[in-house]
Structures are given as C-alpha cells and as structure tokens.
Amino acid sequence: MSGKIPLSRVHHSEVIDRRILEVVKGGNYILGPECKAFEQELAAWFGVPHCVLSSSWTAAVHLLHLAQIQFGQLKAGDEILVPSLTAFPSIEPMIHCGIRPVFCDIDDTYTIDPEDARRRITPRTKGVLPVHLYGRPANIDAVQKLADEHELFVIEDCAQSHGARWRGKRVGSYARHAALSFYPSKNLTVYGDGGAILTHDADIAKRVSMLRNHGRKDKYLHEKVGFNLRFNEINAAVGREQLKVLDQLNGGRRRAAEWYRRELADVAGVTLPPADQVGVTETVYHMFVIRLDDHDKRESLARHLKEQGIETGVHYPVPNHRQPAIEEVFGKQPALPRTEDYVKRILSLPMFPAITEEEVTTVANAIRQWAKV
Ligand SMILES: *Cc1c(COP(=O)(O)O)cnc(C)c1O
C-alpha cells in the first residue's frame, strides 16, 4: 500500500553507502580498525572509560555476567532485580549463568518502580538492571540509592535509550556497567545485529573483550575458554556514521513526540506517555506508547489503524514474569499489578527520526476518527 506508515524506519545516507564499500574493499572484516574506532567513539560519546563491542546486547551482557562470575562478583543462585516489562533478552543472559531474575513492577513512567524493587531484596540480591524503556530514563537517583544502601551493582539496559539524558548526563554513564543494542529498530543501528557494554571497570572490559574472541591473549594463546561473539567491520563503519548524527536523529523523534502530544492532547480515552520531568529527564522516544482504557479498545484501535495502512505494535503483550519459559524454569511468579494492567492497554505508534508532521497528523486523525465512533 502506497500510503503505509511503518512503526519504524532505519536511517540511510550516501555517506554510509560509501563507507560500506570502502570497508568491503579494505580487506579487514572482523575486529579491525573500524571496530576499535567505534568502541573509542562510543565510550567518548557516552562519557565512560571503556566500551566493548559484541554481536548483540544479549551476547555482550552474557559475557559481562560471565566476567562478573570469574571475578567473584556474582555466582549461581544470586538474584538480580529487573522490571518484568522489558524485552525478553534483558533476562536471558542471567538465566544462562544460573542467576535468578527477580521481577519488579513499574511506575507510571513504564520503568522500574524503585519502591517495589526495594521490597523484593533478599540476602541473595546482588544487582539491579534498570531498563530505560521506550527511550525514557528510569529513576536513576532512586535506583542508585537502593544500590548503595544494599551494596548492589547496577547494569543499565540502554538498548532503547541511546542518547537519553538524566540530569543532563547521558544514561549509560551513571552505573558501573551499561549495555547497548544496535538491532535495526533501535535509536542507534548498524544494519544488522550488534551490541556493546559500557563500563567504568577496566578489568571487566578486558575480560569481556577476551571472552568474545575465544579467550585469546594473542593469536595462538588462549587464556580462557571463550566464545565467538565478535563484531564486524562493516557494521562498525555503519555505526560510526549513525553515531555522528544520533543527536539529530533523536531530535527528530522528540519533535515527532511533540506533534503527537499536540494532536492527541484532547482525545478521550487516550493516555499519552508521561512528559519529561523538566531538568531531570530527556526522553529519546524509541517508542511512542499510548494507553487505552481497556484491552478491547486497544485491539480495536490497532485494527482500525491497520486498516488505514498504519502499523502499530505492543511492547510487550506478555510480561516476562508470565512467559512460559520463565514458569518452566522458576515456577509461577508473583503478580505485578501495574505491569499486568498496562500490557493489556498499551499501543506503540509509528516513531522514527524521519517521520513527517503530515504522517503524525494522519495517525492522529485516524485515532480521533476511531475515538468518535
Ligand atoms: C532489543 C533489546 C534487548 C536485546 O538486544 P539484542 O541486541 O537484540 O540482543 C535488550 N533489552 C532491551 C530493552 C531491548 O529493547
């Protein structure tokens, strides 16, 4: 359909096309100079001392947990606090390492509710993994306070929040560790899978970088048993170019969010995502998520928009504490009332840097039309 408005669309440019060809002809394909430069540029951009690329967020965090285990900072049977409302991969690495995810409820910003998290602390709790969901910073001050009081490490899940700020500083720079994803729909992408950890810990950075490449110290000397979870030069070159324009791309998302707010402000039965807390949060709108009054209304609006050629999504329809894979491993999990309520009613609208005012208006008009009937 010609008038179709997608949920997300990747940024392209001629510079990127040229850089891809350059790398192809250059003859370096894996963990070469482009990867090295991308790591340095990411670390500088986020304002952290170390960045290590890996083949995805999931891979990078798996290696991070293994490094934490090897350094005695974490062991099988330990627990990490994590919001249930996040992409399933947020919790996969810990489970592969024998760590138990302790699912927490969210507050009305869709990010971890620090008070709910506090109630779930046990003697086995070692860490907390806040997720800056939909590009909105989690309450970093409250999470850090909780972590300090209980001697927990913090890993920021920045898969959806590259460039978001908390009190003027980019998220990903606050905690000891953070992780990025470059999956195609994310704010920063590399035209394929990819991820990285950001860390203030030099030893962790060195160990993760060794583990991602077969535990190699040099070409034929393996100090540890590792993995092949490396990063590619073409993707790094793409990422470097995307990073140069990332603030601009995020600006496009923020502008679109303002258009949505203007157009949808007075539509009955539509709850907009919480506005930024002035002087505290700067959201980068990985998603623009509205909430309807109930599940049937959500389904009915999604259907109506689809008929108009407008793509929507639900992030996420099944919260992680209710996933069959989790119940299989850990049994039935305690209820999380707000999470369970929100997942029935949320709907993600088209959101990407180049979305036009006209496209946003088209989406908004379709929603108004639906709201009237
Ligand atoms: C996409 C995503 C991940 C996983 O990233 P991959 O690079 O696909 O492994 C983890 N957490 C969140 C919040 C995500 O959105």
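Residues numbered from 1 in each chain as written. Predicted model: local features only at pLDDT ≥ 70, side-chain atom pairs only at ≥ 80, totals over all residues. Heavy atoms only, no water.

Novice: Could you clarify how one ought to interpret the overall build of the chain in this entry?
Specialist: The secondary structure content of the chain amounts to 13 helices and 14 strands. Split into buried and exposed, the 373 residues of the chain put 54% on the buried side. A separation threshold of at least 6 residues defines the contact pool for the chain, and within that pool the share at least 24 residues apart is 72%. Taken as a whole, the chain presents about 16,000 Å² of accessible surface, with 51% of it coming from carbon and sulfur. Across the chain, the mean location of the 48 positive side-chain charges is 2 Å away from that of the 47 negative side-chain charges. (Helix = DSSP H or I, 4+ residues; strand = E, 2+ residues; numbered from the N terminus. Buried < 20%, exposed > 50% of the residue type's maximum accessible area, 1.4 Å probe, protein only. Contact = heavy atoms within 4.5 Å. Areas by Shrake-Rupley, 256 points an atom, 1.4 Å probe, with all protein chains shown as cover. Lys, Arg positive; Asp, Glu negative; His and termini not counted. Charge placed at Lys NZ, Arg CZ, Asp CG, Glu CD.)

Novice: Looking at this model, I keep getting lost on the domain arrangement of the chain. Mind explaining?
Specialist: Much of the literature gives interface size as the accessible area that the parts lose upon coming together. Segmenting the chain into domains produces domain 1 (14–244) and domain 2 (246–372). A separation of 25 Å is found between the C-alpha centroids of domain 1 and domain 2. Opposite the 42 residues of domain 1 that make contact, domain 2 presents 39 residues. Across the domain 1/domain 2 interface, buried area totals approximately 3,500 Å², and carbon plus sulfur atoms make up 56% of it. At the junction of domain 1 with domain 2, the criterion picks out 1 salt bridge. Notably, a salt bridge pairs D247 with R170, separated by 3.2 Å at the nearest N-O pair. Looking at the side of domain 1 that touches domain 2, the elements with two or more residues in it are β3 (100–104), β6 (165–166) and α8 (233–244). Its residues assigned to classes, the side of domain 1 that touches domain 2 comprises 19 nonpolar, 11 polar and 12 charged. (Domains from an automatic or database assignment. Buried area = accessible area lost by both parts, 1.4 Å probe. Salt bridge = Lys/Arg side-chain N within 4 Å of Asp/Glu carboxyl O. Nonpolar A, V, L, I, M, F, W, Y, C, P; charged D, E, K, R; others polar.)

Novice: Sorry, what's going on with the site of the ligand here?
Specialist: Close contacts around the ligand come from 15 residues, with T58, D157, Q160, S181 and K186 the closest. The contact in question runs from an oxygen atom of the ligand to an N or O atom on the backbone of W57, over 2.9 Å. Protein chains shield 92% of the accessible area of the ligand, which is 390 Å² for the free molecule. Looking at the shell around the ligand, its residues break down into 6 nonpolar, 7 polar and 2 charged. (Near = heavy atom within 4 Å. Polar contact = N/O pair within 3.5 Å; in protein donor to acceptor, adjacent residues only side chain to side chain.)

Novice: I keep staring at the nonpolar core and nothing clicks. Help me out?
Specialist: One recurring pattern in soluble globular proteins: nonpolar side chains tend to sit buried together. In this structure, L85, Y110 and Y134 are the most contacted members of the largest nonpolar core, which totals 37 residues. Only α3 (57–70), β2 (79–83), β5 (153–157), α7 (202–211) and α12 (337–345) provide two or more residues apiece to this core. Residue contributions to this core peak at 5 residues, all from α3. Dropping the residues within four chain positions of it, Y134 is found in contact with L85, Y110, Q160, T283, Y285, H286, M287, V289, H315 and I346. The next biggest cluster of nonpolar side chains, apart from the first, holds 28 residues, and it includes Y285, L301, A302 and W370. (Core = buried A, V, L, I, M, F, W, Y, C linked by side-chain atoms within 4.5 Å.)

Novice: Quick question: what am I supposed to make of α12 here?
Specialist: An α-helical turn contains 3.6 residues, so any two residues separated by three or four positions project in the same direction. When we look at burial in α12, the residues that qualify are T339, Y342, V343 and R345. Buried residues along α12 cover an arc of 165° about the axis, so they all sit on one side. Tucked into the core, α12 has its buried residues touching β3, β13 (288–291), α10 (295–307) and β14 (346–349). (Arc of directions from axis to C-beta.)

Novice: Please explain the packing of helix α9 (residues 246–264) against helix α13 (residues 357–372) as it appears in this structure.
Specialist: Running from N to C, α9 and α13 cross one another at 30°; their axes reach a closest spacing of 9 Å. Crossing of α9 over α13 shows right-handed handedness. Residues A256, W259, Y260, R262, E263 and L264 of α9 form the contact with α13, whose participating residues are E357, V360, T361, V363, A364, I367 and R368. (Axes fitted to C-alpha atoms, helices over the stretch in contact; angles between N-to-C directions. Left-handed = near helix turned anticlockwise from the far one by under 90°.)

Novice: Sorry, what's going on with the sheet that holds β5 here?
Specialist: Within a sheet, each strand pairs with its neighbour through backbone hydrogen bonds, oriented either parallel or antiparallel. In space, the 7 strands of this open sheet follow the order β1-β9-β8-β5-β4-β2-β3, with mixed pairing throughout. Because the sheet does not close on itself, it has two edges, and the strands there are β1 (50–54) and β3. For this sheet the average axis-to-axis angle between neighbouring strands, irrespective of direction, equals 25°. Relative to strand β8 (residues 177–181), β5 is paired through 3 bridges, and the arrangement is parallel. Each residue of the ladder has a partner; that of E156, found in β8, is A178. This element, helix α6 (residues 140–150), spans β2, β4 (125–128) and β5 of the sheet and lies at about 155° to β5. (Pairing = 2+ DSSP bridges.)

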